[in-house]
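# Commentary on secondary and tertiary structure
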Amino acid sequence: MDFKGNINHNQMKKLQKLGSWSGVIIGILLLLFILGAVAFQWITEYIWMDSVAFGNVFKTVLGSKLMLGAAGFVIFGFVTWLTVFWVRRSYLSHFDPNQLPAFFYQKKMAMNAIIIAIAVFAGLLGSVIVQGVGWEPLLKILNYETFGESDPIFNRDISFYMFVLPFLEMIINILLGLGFFMLVVVVAAYSVFNIYRMNRSAQIHLGLTIAIIGLLLAGTHLLSPFQMLLSNKVNIFQESVVHGLSYTDRIINIPVSYILAAVAIIGAVWVIFALRKGKFNAMLIPIVAYIAVIILGQGASVLVQNYLVEPNEFQREQPYLQYNLDYTRQAYELENIDVSEHPGNQASLDEDMIENNELTINNVRINDARPLLDIYNQLQTFRTYYQFNDIDVDRYEIDGEYQQVFLGARELNTADLPEQAQTWVNRTLRYTHGYGIAMSQVNGITSQGQPEYIVKNLPPKGEIDVARPQVYFGEMSYPNVIVNSEVDEFDYPSGDENMTNLYEADKGISLSGWNRLLFSINEGSFRMLVSDQVSNDSQLLDTRNIVDRINRIAPFFEYDEDPYIIVRDDGTLAWIIDAYLVEQGYPYAENYEDNRNYIKNAAKVMVDAYTGEVNFFVTEPDDPLLQTYQNIFPDLFTTEIPEDVESHFRYPEGLFKIQANKYGTYHMTNLEIFYNREDRWEFPTEHYYNEDIEMEPYYVTMKLPEYDEEEFILMMPYTPKNRQNMIGWIGVRNDGEHYGEKFVYRFPKQENVYGPQQIENRINQDSVISQELNLWSQGGSQVIRGNLLSIPINDTMLYVEPIYIESSNETSLPEVKQVVVAYQDYIVMEATFDEALERILELAGGEIDERDLQPEGGPSIEDIEGDPEVPAESEEEETPAQVPSGDSDLLLQEFSELFGGYQDALSNGSWEEAAKIMSEIEKRLEQVNQ
């Protein structure tokens, strides 16, 4: 059948017209869909931001993105339109009409529409690129504050390196990338039939593109000397001993950068003239010259570094080393650290010293947060869907006494609900929050080796009042929930029934009106839209993970990985998260990670565990980087800090570790010693489980020698490089007006002060303690060596380490069974800290001999095998029924099995059975010792 014969010319025109209109309609619908999706995202994000009282922050960020997006659209779109239009015009002027495809000669309106469409597409692409990478640099450069400190080479304020230089580099790099892309397009277009050799328009176009690229390259090289103050690279092969501009940079690399800038500009002009005169081979001369200058510059840098600098490196780099030392100390706030000499391990420990430091002794951490998390999760969760995510250390005033405590939030994990309970109603409407906290003493343990609780159980009861224990916002990966629905919210289990709760705050997203439709779509939940359990009074609690929540509000901060919960004076619960401002533009400062060399704990973020309300409290009001963000977001920050919140501020471990690590090198203010790294201090190691790990900073409550009251201190011991003795320690104060004050105590270099790893080695080498630990580790149990604390007391050092016993079964329950205390050359292990400290005092006072020590709290090797060194006559008097040596292995196995059963009974909560087994152990011990 002849299909074409049955369709006349008019019908073909109608079909073509219909097809063209269909394409237009589809294109318009696609564009509307994209715009609608973007607008929908903006609207829902603004509603959420406004619900947490930060709508102006969203509008500021959105405004900057729209401004940059518009600029990117115009620049990319215009350059693309000009390039395509110029190429078309060059083709039309060079070829005859019959040599080109028909679309080159289509109606002017249609061709212009095609060019505009291409330009619009490129503009949209440019808009996404520019606004994606540039909104923050744009806001900074429009609002930045100066540091009042200039670099020693170019005399530029540090703000230039922080704010101006990154913005200029961003603009140049974006334009340079666009320029190179357009150069590829132009070269490809004009290489067809060698148009560039014959067409003047093509030559001008190509020359203009190269000239713009040359100018941009020149700009890059003119900025390069400033970058030398931020790096220790002197060429592609070598690094300088100086972080920042060095001798080789000053002599070779800076002049080479200026020469390259001149070559780029001259080369661009050269290429334009070569194109104009048709000397196409001459176009290669500036390119070859440019590459040659780069190679010669790198070669000259290598020669100077190898043969002029390295043979006399200290003398050549001396002024630059001083800059490196000074500016690194400034960047990490190391220049104002109070340094004192500590006499070391003096023989001064006695009853009076203990009495004068009673609060310090009472707050020695016998429990360890790492195994304590397992204990909390087994003894204080009560239901499978509750979970403690972390255990934090803090301090509270309890009954008028300053106490250091462990605490954790009992959060809800709906993923652990029984499978039949994993319904939409349960996950979204009923199980909406966790409940309460558990808090325990850092130094108190029960007779079973468990922590002494200050607050425990459901509802929480104890010495601190928790008036609003519901935890709607926390550290878990929470799903979004709906509160104030027709479904009663589960609060906590009480016997055979479940208590319920009604969310009383007004801090969620109201689901009345259009909000319900918008957020049903946003949640992808049709049930949320149609459910009769959701009313106009219902609220959506969105983004309940506290770190995700604050990162959504202020993504320009970096947040600490360890949020901690506090109990406020009114009994409400709140989370504290440390917020860091991080930059990479501090001249001469050594990097701590990647290219970043400036970090400030500029704000503390508080998130109410019940309402989700967020506050950004300013803690570094004088920091220019923070002031810049305050200029950008005046409604984001709060300067007035409630006293009950400020009293729980902790100096962050992450920042302290960075500063302490840098101080290990930059405490050497003598330039020659600094250059040789002769007195490098390092972090010690400690033994945990069955391996040696690097020690982490730890909080202690202690009295500094020059003060009368105990305070909350974050500290870290130091050891010399490749040695294990302690050379000193660094600390930072946390309380009141002294918050953030750092100090260092240095020990005499001519005396040995035991380091943490040396104490660990002495524990391993002590015949009595090691045999005891080996005994405990048998019978399916595992010994856990807790955090070793080096505690300065006046002019001496005390070392404390808890020993945990953990059964190997899945429901293991770690228990503190022994405590090791070391002082000078004495080391003891007893069932409690008080007993161990008493023994140490007796040893230090000469009241007992170290050979008489026998650990208590469990069967020992001597208990089982007897003492082979005791004469027979004495043996008959003291131990009439000596155990035959052949039966010792059998007895050891019997005790191991009994103790394993005891551990299992405790882990399973079978207290009566555990008591029976312990009675049997005691009975067998009495038989052995008779």
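Computed from a predicted structure; not experimentally measured. (Residues numbered from 1 in each chain as written. Predicted model: local features only at pLDDT ≥ 70, side-chain atom pairs only at ≥ 80, totals over all residues. Heavy atoms only, no water.)

Its location among the elements puts Gly179 in helix α4 (residues 158-190). Of the residues examined, Gly179 reaches a relative accessible area of 12% and is grouped as buried. On a C-alpha basis, the gap between Gly179 and Ile213 in space is 6.0 Å, while along the polypeptide they are 34 residues apart. Here Gly179 is in contact with Thr209 and Ile213, once residues within four sequence places are set aside. (Helix = DSSP H or I, 4+ residues; strand = E, 2+ residues; numbered from the N terminus. Buried < 20%, exposed > 50% of the residue type's maximum accessible area, 1.4 Å probe, protein only. Contact = heavy atoms within 4.5 Å.)

This part covers the pattern of salt bridges. One pass over the full model with this rule turns up 27 salt bridges. The salt bridge involving Asp394 is made with Arg395; its shortest N-O contact spans 3.3 Å. As a salt-bridge pair, Arg596 and Glu593 come within 2.1 Å of each other at their nearest N and O atoms. Overall, the relative accessible area of 18% leaves Arg596 in the buried class. A relative accessible area of 37% places Glu593 in the partly exposed class. Through salt bridges with shared partners, a single network forms among Glu45, Asp542 and Arg552. (Salt bridge = Lys/Arg side-chain N within 4 Å of Asp/Glu carboxyl O.)

This paragraph deals with the sheet that holds strand β14 (residues 539-541). Read from one edge of the open sheet, three strands run β10-β14-β13, paired in antiparallel fashion. At either margin of the open sheet sits one strand with a lone partner, and together these are β10 (481-483) and β13 (509-510). As paired elements, β10 and β14 share three bridges and run antiparallel to each other. Across the sheet, residue Val481 finds its bridge partner in β14, namely Leu541. (Pairing = 2+ DSSP bridges.)

Let us look at the side chain of Ser535. Within the secondary structure, Ser535 is located in the loop between α15 (526-530) and β14. With a relative accessible area of 18%, Ser535 lands in the buried category.

Taken as a whole and assessed by the stated rule, the structure comprises 44 aromatic pairs. When the ring of Phe54 is compared with that of Phe616, the centres are 5.9 Å apart and the planes differ by 80°; the resulting orientation is edge-to-face. Of this pair, Phe54 sits in the loop between α1 (9-51) and α2 (55-94) while Phe616 sits in strand β19 (residues 614-618), and the two are 562 residues apart along the sequence. According to the relative accessible area criterion, Phe54 is buried, its value standing at 5%. According to the relative accessible area criterion, Phe616 is buried, its value standing at 0%. Aromatic pair Trp729 and Phe743: ring centres 5.4 Å apart, planes at 85°, arrangement edge-to-face. In this pair, Trp729 sits in strand β26 (residues 728-733) while Phe743 sits in strand β27 (residues 742-746), placing the two residues 14 residues apart along the sequence. For the pair shown, Trp729 and Phe743 are each scored as buried. Through a chain of ring-to-ring contacts, three or more aromatic side chains come together here, namely Phe54, Phe556, Phe557, Tyr559, Phe616, Tyr629, Phe633 and Phe637. The ring of Phe674 has Arg677 lying over it, and the distance from NZ or CZ to the ring centre is 4.4 Å. Its end group placed over the ring of Tyr754, Arg762 keeps NZ or CZ at 4.7 Å from the ring centre. (Phe/Tyr/Trp six-rings, centres within 6.5 Å; stacked < 30°, edge-to-face > 60°. Lys NZ or Arg CZ within 6 Å of the ring centre and 35° of its normal.)

Let us now look at unusual backbone geometry. Along the chain, Leu458 connects to Pro459 via a cis peptide bond; the corresponding omega equals -10°. Counting through the fold element by element, Pro459 comes out in the loop between β7 (451-456) and β8 (461-462). Even without being a glycine, Ala53 presents a positive backbone phi close to 75°. Among the secondary structure elements, Ala53 is positioned in the loop between α1 and α2. Not every positive phi belongs to a glycine, and Asn794 is a case in point at roughly 55°. Structurally, the position occupied by Asn794 is in the loop between β29 (789-793) and β30 (796-807).

It is worth spelling out a negative patch on the surface at this point. On the surface, a cluster of negative charge is contributed by Asp350, Glu351, Asp352, Glu355, Glu358, Glu397, Asp399, Glu401, Glu463, Asp834 and Glu838. Of all the secondary structure elements, the ones that give two or more residues to the negative patch are α10 (351-356) and α23 (833-844). When residues in the negative patch are grouped by element, the largest group, three residues, is from α10. One can find Glu397 in strand β3 (residues 392-398). (Patch = residues over 30% accessible without salt bridge, like charges linked within 9 Å, V, L, I, M, F, W, Y side chains within 5 Å. Areas by Shrake-Rupley, 256 points an atom, 1.4 Å probe, with all protein chains shown as cover. Lys, Arg positive; Asp, Glu negative; His and termini not counted. Charge placed at Lys NZ, Arg CZ, Asp CG, Glu CD.)

Moving on, we get to the environment of Met111. By secondary structure assignment, the location of Met111 is in helix α3 (residues 108-143). Between the alpha carbons of Met111 and Phe85 there is a distance of 9.6 Å; along the sequence they are 26 residues apart.

What follows concerns the nonpolar core. In terms of nonpolar packing, the biggest core is built from 249 residues, with Met439, Phe557, Phe616, Phe633 and Leu636 touching the most fellow members. Looking at this core element by element, the count peaks at 18 residues for α4. Ignoring any residue separated from it by four or fewer positions in sequence, one finds Met439 in contact with Tyr376, Tyr396, Val405, Phe406, Leu407, Tyr453, Ile454, Val455, Ile464 and Val567. In terms of nonpolar packing, the next biggest core, distinct from the first, is built from 10 residues, Tyr386, Leu417, Leu458 and Tyr492 among them. (Core = buried A, V, L, I, M, F, W, Y, C linked by side-chain atoms within 4.5 Å.)

Once that is clear, we can look at the confidence of the model for the protein chain. Looking at the protein chain, the pLDDT average stands at 86 and 88% of residues meet or exceed 70. Every residue in residues 1-5 scores below 50 in pLDDT, and together they form one contact with partners more than four places removed in sequence or on other chains. Here residues 854-886 is modelled with pLDDT under 50, and outside its nearest four sequence neighbours on either side it reaches 53 contacts, counting other chains as well. (pLDDT = per-residue confidence, 0-100.)

With that out of the way, let us pick up the pairing of β29. Where burial is concerned, most of β29 is hidden: five out of the five residues are buried. Side-chain alternation along β29 places Leu789, Ile791 and Ile793 on one buried face and Ser790 and Pro792 on a second face that is also buried. Taken together, the five bridges between β29 and β30 define a ladder with antiparallel strand orientation. Pairing of Ile791 across the sheet is with Leu798, part of β30. Here β29 folds back onto β30, and the loop between the two strands holds two residues, one of which, Asn794, carries a positive phi near 55°.

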